[in-house]
Amino acid sequence: MKDALITLENAGVRRGGRVLVEGVDLAIRRGEIVTLIGPNGSGKSTTAKMATGVLKPTSGRVTRRPGLTIGYVPQKLAIDWTLPLTVERLMTLTGRFSAREITEALEAVGALRLRKAAVQELSGGEFQRVLFARAMIRKPDFLVLDEPVQGVDFSGEAALYRLIRQIRDATNAGILMISHDLHVVMAETDTVICLNGHVCCRGTPSAVKSSPEYLHLFGDRAESALALYEHHHDHEHHEDGCVVGAEHTHSHAGHHHAQ
Amino acid sequence: MFGDFFSRAIIAGTGLAAVTGPLGCFVVWRRMAYFGDTMAHSALLGVAISILLSINMTLGVFLVAALVAGALLLLQRQATLSTDSLLGILSHSSLAVGLVLVGFLTQVRIDLMGFLFGDILAVSEQDIFIIYGGGIAIIALLAINWRPLLAATVSPELAEAEGLRPEVSRIILMLLMASVIAIAMKLVGVLLITSLLIIPAATARRLSATPEMMAVVAGFLGAVAVIAGLFGSLTWDTASGPSIVVAALAIFLVSLAVPTARLFGRRQDHGA
């Protein structure tokens, strides 16, 4: 684990006598994507907060490489109308950056034309792209994506997954992704960790989707296997690629139905 | 043409407005209007306590306002009552306790109306020093902490994840508000202080494209309201504090006619 950016060893948080999450082991290296999935209240956000250092673990140990720059893409960001904020201004929210850096970051996510737009008038997908650009401009070593495709339509979702891969390739950052969708995990994920107050199961996406713990945890809703979100031009995982088309459409429809 | 008291009032009032404008933006963004009102109402308690303990009144008001803010934070943590109920309790009970205490202070003659509605025309040179000294300190602290304060306002989670301290920002804002209340009380009174925080900021929103622009515009509009209100009160012989608030309100109403969405924040093309 010497080369890991962040390591959690048997880490847990207990608050007011209640265990939020416990016994989490995970390590994230450069260029690696770790995805946390699990039901609501299963400790995904708590785990991410331990990783970023916002929450101190009450048990176990968290180590971060010193001087680590963290970028964060929040789950949702409701910006009140009373706060006049353009995309350009949002880019420098937590740090100072030059106009050129802003242009490059927005260009990288294909949102350059939104530069002068007020954030309140962006669509869900546009806003998400801008938030990615905002996190990327910091040149983070470690990127936390909290439910990055929430509130984005199907085609936007595919584009965002492509963007995440681009960001990983371009910055070689370690990425910790929290996923609300229990059925879909980006195929490039190196490790999937299934949480339910503790680590239920873990492994590569293909290993997790067939693990009995996963099926038990999400049994009724996921009687079919975990779908891997892959890109059509990526033929290396042919078998999973087949799963994507069929399963993803299915689970997406189910998701809307549930709302 | 004007008595000296009038120029002093203009100088003091515009100086105050230049501080309440930018700070008021945070009150509007963070939806702290009622919170600010609660702190302001506690100012009378601060006056009574300063007289009882014979300490400096500005200091006493600042301390009590900060204490009330701290009490609210503590009560919020072990939340059993909703925040607006807590604010209601703190706001009115601190005002009532202040009024009762003032009643006991028979040895000192207190101009209660002056504290409730302010007496900007009675501003002394010393008051001007306090307003400008305190005001410059407040603006400087606001400017130094601007980025973390704004980031914490947009998203505490995001600010925290990227290494800022939104809890500290919150405390800084509260202390700045307590200071503004302490220096503003004499001018506009405990009942009208929050209007100088909120109305210019709310007006500036429609005329601004960025947070920084809104802060500057709010300060400017507040100063305009002070000048207009003071001239109005001179012309029609009306109470000066309320006249300033009425002038601020008039500017706000006029600003409603400005079609802001068309002025700012349009994307460069209308493609998908």
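Labelled according to an unreviewed UniProt entry, chain B appears under the name High-affinity zinc uptake system membrane protein ZnuB, originating from Devosia oryzisoli. Word for word, the UniProt comment on chain B under Sequence similarities (unreviewed entry) is "Belongs to the ABC-3 integral membrane protein family." Check the Subcellular location (unreviewed entry) section of the UniProt entry for chain B; it says "Cell membrane".

Participant: Which residues make up the overall build of chain B, and what are the values?
Facilitator: Helices and strands together make up the secondary structure of chain B, namely 14 helices and 0 strands. Taken from the N to the C terminus, the helices and strands of chain B come in the order α-α-α-α-α-α-α-α-α-α-α-α-α-α. Radius of gyration (C-alpha) of chain B: 19 Å, near the 19 Å computed for a compact globule of 272 residues. The C-alpha extent of chain B, read off along each of the three principal axes, is 75 × 55 × 30 Å. In chain B, of all internal contacts separated by at least 6 residues, the share reaching a separation of at least 24 is 74%.

Participant: Summarise the overall build of chain A; cite the residues concerned and give the values.
Facilitator: Of regular secondary structure, chain A possesses 8 helices and 11 strands. Taking all 259 residues of chain A together, the buried fraction comes to 45%. A fraction of 66% describes how many contacts in chain A between residues 6 or more apart in sequence connect residues 24 or more apart.

Participant: Explain the interface of chain B and chain A to me, and be specific about the residues and the numbers.
Facilitator: Taken together, the contact between chain B and chain A spans 26 residues of the former and 23 residues of the latter. Of the residues forming the side of chain B that touches chain A, the biggest block, 5 residues, is contributed by helix α9 (residues 156-161) of chain B. Grouping the constituent residues of the side of chain B that touches chain A by class yields 13 nonpolar, 6 polar and 7 charged.

Participant: So what's going on with helix α1 (residues 4-29) of chain B? Residues and values would help.
Facilitator: Residue and element names in this part refer to chain B. For α1, built from 26 residues, the straight-helix expectation of 38 Å at 1.5 Å per residue is met to within 8% by its first-to-last C-alpha distance of 38 Å. Of all the bends in α1, the greatest, near 30°, is centred on G21, and the proline P22 appears no more than four residues after it. Of the residues one or two after α1, R31 is the one with positive phi, at around 55°.

Participant: Explain the sheet that holds strand β2 (residues 18-28) of chain A to me, using residue names and the numbers behind them.
Facilitator: Residues and elements named next belong to chain A. In space, the 3 strands of this open sheet follow the order β2-β1-β4, with antiparallel pairing throughout. In the strand order of this sheet, the two ends are held by β2 and β4 (59-64), each with one partner. Pairwise comparison of adjacent strand axes, ignoring direction, gives a mean angle of 25° for this sheet. Helix α1 (residues 44-52) contacts β1 (6-15), β2 and β4 of the sheet and is inclined by roughly 125° relative to β1.

Participant: Got a sec to walk through the sheet that holds strand β10 (residues 199-203) of chain A? Specific residues and values, please.
Facilitator: Residue and element names in this part refer to chain A. As summarised here, the arrangement of the 6 strands in space is β5-β6-β7-β3-β9-β10, forming an open sheet in which the pairing is mixed. Edge positions in the sheet fall to β5 (70-73) and β10, since each has one partner strand and no second. Mean inter-strand twist for the sheet, computed between neighbouring axes without regard to direction, equals 15°. In this structure, strand β6 (residues 142-146) lies alongside strand β7 (residues 174-179), joined through 5 bridges in parallel fashion. Counted as the bridge partner of D146 is I178 from β7.

Participant: Residue-level account of the nonpolar core, with values.
Facilitator: Grouped together as the largest cluster of nonpolar side chains are 152 residues, with contacts concentrated most on A133 and V144 of chain A together with A65, A178, I181, A184 and I193 of chain B. Among the elements that make up this core, the one with the highest residue count is helix α10 (residues 166-188) of chain B (13 residues). Shared between two domains, this core holds at least three residues of each, these being domain 1 (1-6 + 26-54 + 64-69 + 144-165 + 172-254) and domain 2 (73-139) of chain A. Each residue touching A65 of chain B, except ones within four places of it in the same chain, is listed here: M39, S42, A43, G46, A178, I181 and A182 of chain B.

Participant: I'd like a description of the confidence of the model for chain A, backed by residues and values.
Facilitator: Residue and element names in this part refer to chain A. Across chain A, pLDDT averages 78, with 78% of residues at or above 70. When the elements of chain A are averaged for pLDDT, helix α8 (residues 238-258) gives the smallest value, 33, and helix α2 (residues 87-91) the largest, 92. The low-confidence segment residues 220-225 (pLDDT under 50) makes 8 contacts with residues lying over four places distant or belonging to another chain. For the stretch residues 230-259, pLDDT sits under 50, and the model shows 29 contacts to residues farther than four places along the chain or on other chains.

Participant: Break down the confidence of the model for chain B for me, citing the residues and quoting the values.
Facilitator: Predicted coordinates in areas of low pLDDT are best not read in detail. All names here are of chain B. For chain B, per-residue confidence averages 88 on the pLDDT scale, and residues scoring 70 or more make up 94% of the total. Per-element averaging of pLDDT across chain B places helix α14 (residues 260-263) at the bottom with 54 and helix α12 (residues 211-236) at the top with 95. For this predicted complex, the interface score ipTM comes out at 0.82, while the overall pTM is 0.83.

Participant: Break down the UniProt feature "transmembrane region" (unreviewed entry) in chain B for me, with residues and values.
Facilitator: Residue and element names in this part refer to chain B. Taking the UniProt record as the reference, the feature "transmembrane region" (unreviewed entry) is found at residues 6-29, 41-74, 86-108, 129-151, 171-201, 213-232 and 244-264. Secondary structure across residues 41-74 comprises 85% helix and 0% strand; the distance between its end C-alpha atoms is 19 Å. The span residues 129-151 is 96% helical and 0% strand by assignment, and the distance between its end C-alpha atoms comes to 32 Å.

Participant: Can you tell me about the pairing of β6 of chain A, naming the residues and giving the values?
Facilitator: Residue and element names in this part refer to chain A. Taking burial as the measure, the 5 residues of β6 include 5 buried ones, the bulk of the element. Burial along β6 is two-sided: the residues F142, V144 and D146 and L143 and L145 are all buried. Sheet topology note: the β5/β6 ladder contains 4 bridges and is parallel. Across the sheet, the residue bridging to V73 is L145, located in β6.

Participant: An account of the domain arrangement of chain A is needed here, citing residue identities and associated values.
Facilitator: Residue and element names in this part refer to chain A. For chain A, the assigned domains are domain 1 (1-6 + 26-54 + 64-69 + 144-165 + 172-254) and domain 2 (73-139). On the side of domain 2, 12 residues touch domain 1, which itself brings 13 residues to the contact. Listing elements by their share of the side of domain 1 that touches domain 2, those giving two or more residues are β6 and α5 (154-171).

Participant: Would you mind going over the packing of helix α4 (residues 124-136) of chain A against α5 of chain A in detail, with residue names and values included?
Facilitator: All names here are of chain A. The interhelical angle for the contact between α4 and α5, taken along N-to-C directions, is 10°, at an axis separation of 11 Å. In terms of their interaxial angle, α4 and α5 are classed as roughly parallel. Note on element contacts: α5 touches α4 through G156, L160, L163, I167 and T171, opposite G125, Q128, R129, F132 and M136. Taken together, the residues that form the contact of α4 with α5 break down as 5 nonpolar, 4 polar and 1 charged.

Conventions and cut-offs
Residues numbered from 1 in each chain as written. Chains lettered and ligands numbered in written order. Predicted model: local features only at pLDDT ≥ 70, side-chain atom pairs only at ≥ 80, totals over all residues. UniProt positions renumbered as here; feature names shortened; annotations may be inferred. Helix = DSSP H or I, 4+ residues; strand = E, 2+ residues; numbered from the N terminus. Rg over C-alpha atoms; globule rule 2.2 N^0.38 Å. Contact = placed C-beta atoms within 7 Å. Buried ≥ 20, exposed ≤ 12 C-beta atoms within 10 Å, placed from the backbone. Nonpolar A, V, L, I, M, F, W, Y, C, P; charged D, E, K, R; others polar. Expected span 1.5 Å × (residues − 1). Bend = angle between axes of the 7 residues up to and from the residue. Pairing = 2+ DSSP bridges. Axes fitted to C-alpha atoms, helices over the stretch in contact; angles between N-to-C directions. Core = buried A, V, L, I, M, F, W, Y, C linked by C-beta atoms within 7 Å. Domains from an automatic or database assignment. pLDDT = per-residue confidence, 0-100. Parallel < 35°, antiparallel > 145°, perpendicular 65-115°, else oblique.

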